[in-house]
Amino acid sequence: MALFARASELDVINALLGRPGAGGALVLRGEAGVGKSALLDAAISNARRSDVRVLTTAGVSLQMQQPFAALSHLTLPLLGGRRLTDHDQETREVIRAALTGEDAPADRPFSVAYAVLELLAACAAERRLLVVVDDASWVDEESWRILSFVGRRVSFDEIGLVFAMRDGPEAEDRLRGSLLPTVRVEPLPDEAAVALLHHVAPGLRPSIRDLILAEAGGNPLGLLELSDEVKRHGDSVMLEASVPLPARLVQTYAGLVSELPDATGSLLMMAAFNDGHSLQETLDATALAFEGEVTLEDLEPAVSARLVSVDDRFELRFRHPLVGSAMRQITSLADHRRAHLAFADLLRDDPDRSVAHQAAAAVGKDDELARALASAARRARRRGALTAVVTTLERSAQLTIDESSAASRLLWAALSAAEIGDVATVERLVNKASQARLTMSARARLAWLQQTYLQAPWSGSIQLRTLLDVVDQMRNAGDLGLALDSLVVMSIRAWWSSADPETRDLIVAMAQTLDESLTDARAVYVISVVAPLEHGSWALDRLTELAGAGEANPERLHLLASTATCLGAVALSNVLHAEAVAGMRRRGRLGTLTRVLAGQAWAAVLMGDARVALTASSEARALGEETGYLSYALVADLSRAAALALRGETAAADGVVAGLESVLPSAGRDALLPMLQLARGLSALAAGRPDDAFDQLLRSFQPGVACHPSQKLAMLSHLAEAASKSGQLARLEPILADLAPVAATTRSPSLLMSVRYAEALLAQADDGGETLRVVLEADLSGWPFDRARLQLAYGTALRHRRQRRESRPHLRAAAEGFEALGARRWAEWAWHELRASGETVQRVEDASANLSPQELQIAMMAAQGRTNREIAAQLFISPRTVSTHLYRIYPKVGISTRAELHRVLADQFTDPQLRR
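Residues numbered from 1 in each chain as written. Predicted model: local features only at pLDDT ≥ 70, side-chain atom pairs only at ≥ 80, totals over all residues. Heavy atoms only, no water.

Enquirer: Lay out the overall build of the chain with the relevant residues and their values.
Expert: In terms of helices and strands, the chain carries 48 helices and seven strands. For 916 residues, the compact-globule formula gives about 29 Å, and the C-alpha radius of gyration of the chain, at 32 Å, lands near that figure. Along the three orthogonal principal directions, the C-alpha set of the chain runs to about 105 × 65 × 50 Å. Of all intrachain contacts in the chain linking residues separated by at least 6 positions in sequence, the fraction that spans at least 24 positions is 69%. Accessible surface for the chain amounts to roughly 37,000 Å². Of this, 51% is attributable to carbon and sulfur atoms. (Helix = DSSP H or I, 4+ residues; strand = E, 2+ residues; numbered from the N terminus. Rg over C-alpha atoms; globule rule 2.2 N^0.38 Å. Contact = heavy atoms within 4.5 Å. Areas by Shrake-Rupley, 256 points an atom, 1.4 Å probe, with all protein chains shown as cover.)

Next comes the structure, spelled out in structure tokens:
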């Protein structure tokens, strides 16, 4: 009867698996007792009738500190069969380690999540699958992160994933940023509430019936429990003062418990504090706590009262979470401690659970227990359970006597939270630690967290110099590694704030002091960020040496790639970013991958590679939203706007720019405004408004405008093109006169290329394009966009000189070069010039034009020969999602088989080796 009014909610759940080859996830939300569990039970029954396999688990508040507890219950039935043995050894080990408590790759926090996605997808490939997670607000954080990760990735697998959550702050915290669709379960409408009450209690007096209906407010559990209470105690119970329904239900359950024998009440109390479901554990702990024997017979009254149930595996569960809540609320503080201490003693062979109960029983500071918790955190890290590391270290800090040591543990907890992308927790822990007395090294670690993950507001050069003193003290203490890491953070702050020359000189001097040989990538990065013009030539040589040394660490590769971007070594930056992205994908560190992808997207913009810029920026934006790193999502949006402009999609580019214009200043990201100007300028160029483009780009060259040299240098070639097309080359001359000497002294590849292009345009009126020809004779293999732009300019000059035949090879090469980069508007101009030269152009339709960024990414990987599973692992999606995308891609690019992908996408590869 209660489900009669739930047809629409049930239809939504059933629809998850209603279409072949499709799945999905949703969250049922509502107040306690509103009928979420009943909906889940109905969905489970429907699924089983339809031959859908069902996996279930439920959250338990006291299990929230046990890593992977809910996940273990859910997946253990799948681990013994053939599905797991079909996985590679690494996947098997990752799942086994997480669920059994053995060592797991802690440097790959999302590896377990992806392994579970693979496992469930493999199961669903054989038989449709419904995964049900009740009381998801109380699922341990590790399991929640993994299951929500899976839920965001099952749209193309025959997997339905349904969570149920009770309203409250826990649900709000879980759903904030989860990107999971939500269905609200409302109280029953009046007619359905009356029908349900009549069904369960048909003989009620009308006045009492109306009181129950009013008190319950359409809540099915309220209707059932209040009518039962009237049956047990008479009509008078409904005449007492009205209290909120949840409190009324807790009172009801507490009243039921008070009527039970003492031994039964003791058993229920201990069960309420058990962080597991084992009936034997509860029996043994009760005997320890109350120093007397208890038996199964002592539990029978609670079973008869429908307060608990025992399944065939002898697992003890409360009929509703409110029963457990009621038990904990009516238990005295002394009995709270008694229960936890009994479980701590009983579970000595399980040190992590034992120390958690000890911590729950602790009243004051306890250094020995704090150290035991720190040891438990280290064990959790080896398992890859980083959320457990965070909560355990935070409790350890609470119990630590020394203020500085406590703050240090908070900062290490914050670092673990940062690894899994939990920015809100990072902020909370950092704010708490910042109020304590910190050691010098802890102060630097605090600054690093604030800058890297919280984007702390800038406080000026004076604050930078204070931090320099801290770094110097680290150096004196012999902690050179932490000192260099801190200096990296400071260089980023100097970039954001346009630090004054004296402060920048001090930072450079400190880098030279910390690394006298100047062979550490961090020192080279610092100098390149802070002083790319003053020390650019030297830094470029060091960068070339470091890049050629075979670095494999993706963090260091990203540092080198960023260094290359600052120095204008755009080709090298793109290569290093690609290697860093590949390394981060292998490690499964999505938070760091977000940062690296944002850097790759911008490097691709500087290269003129619209395809890579668009795919990398789109993925960075999605991961930024998923992990909470929204600052990097902003950087990704800037790259996306520029990439759309290069493609000629100017309306879309302008829309992204408009959205960013109001966001950047309010987010304290004024230093990104020059990147916004570049996107505006490219869009105006692509739209055929070179005058506007010139004005937009010129702003970053005006005196007094805060603009990092790398940003300014990236715009020069586009400014020169806009000047040429708008007849404003004379306004370009003083800018070029200032930058030409800089190019000579810094040897910045980007600036040298731009200066040569601009000088050739300026000389064109006098030499008829001869300087363009000379520039084209240089090795421009690392500059595909600039080469195509030079070919277009030179070919156009030849055509204007009526050398049509000679112009055609250059114009054709320009068009093909732009097409390969996805710079469609520039390609259109080149094709137009080629037609004007008298050649009949049969332009091959861009095979990727109708593909979304993710579809293009998948198609390119498939064209390179990667399997569906390899592609899925790279993009953190399921193999079925890859195959579904490919099925949709084939008709969009005019083919019918995978083997044809390389042929139709060959011109998409900027690497000549991949075109073969």
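Enquirer: Can you lay out the packing of aromatic side chains for me, pointing to particular residues and giving the numbers?
Expert: Evaluation of the coordinates by the stated rule reveals five aromatic pairs. Aromatic side chains Tyr114 and Phe876 sit 6.4 Å apart centroid to centroid with 90° between the ring planes, which places their arrangement in the edge-to-face category. With Tyr114 in helix H6 (residues 111-126) and Phe876 in the loop between helix H45 (868-875) and helix H46 (879-892), the pair connects residues that are 762 residues apart, well separated along the chain. Take Tyr114 and Phe876: they sit in the same class, and that class is buried. Each residue in the set Phe785, Phe818, Trp826 and Trp829 is aromatic and connected to the rest through ring pairs, giving one cluster. Over the face of the ring belonging to Phe149 we find Arg153, whose NZ or CZ atom lies 3.8 Å from the ring centre. Of note, Lys725 hangs over the ring of Trp829, and the distance from its end group to the ring centre comes to 3.4 Å. (Phe/Tyr/Trp six-rings, centres within 6.5 Å; stacked < 30°, edge-to-face > 60°. Buried < 20%, exposed > 50% of the residue type's maximum accessible area, 1.4 Å probe, protein only. Lys NZ or Arg CZ within 6 Å of the ring centre and 35° of its normal.)

Enquirer: So what's going on with the sheet that holds strand E5 (residues 182-184)? Which residues, and what values?
Expert: Spatially, the five strands line up as an open sheet ordered E2-E3-E4-E1-E5, and their pairing is parallel. The open sheet terminates on both sides in strands that have one partner only, identified here as strand E2 (53-58) and E5. The sheet shows a mean angle of 20° between the axes of neighbouring strands, direction not considered. Across the sheet, helix H2 (residues 36-49) touches strand E1 (24-30), E2, strand E3 (129-134) and strand E4 (159-166), and the angle it forms with E3 is around 165°. Together, E2 and E3 form the strand contacts of helix H3 (residues 69-79), whose direction differs from that of E2 by roughly 155°. (Pairing = 2+ DSSP bridges. Axes fitted to C-alpha atoms, helices over the stretch in contact; angles between N-to-C directions.)

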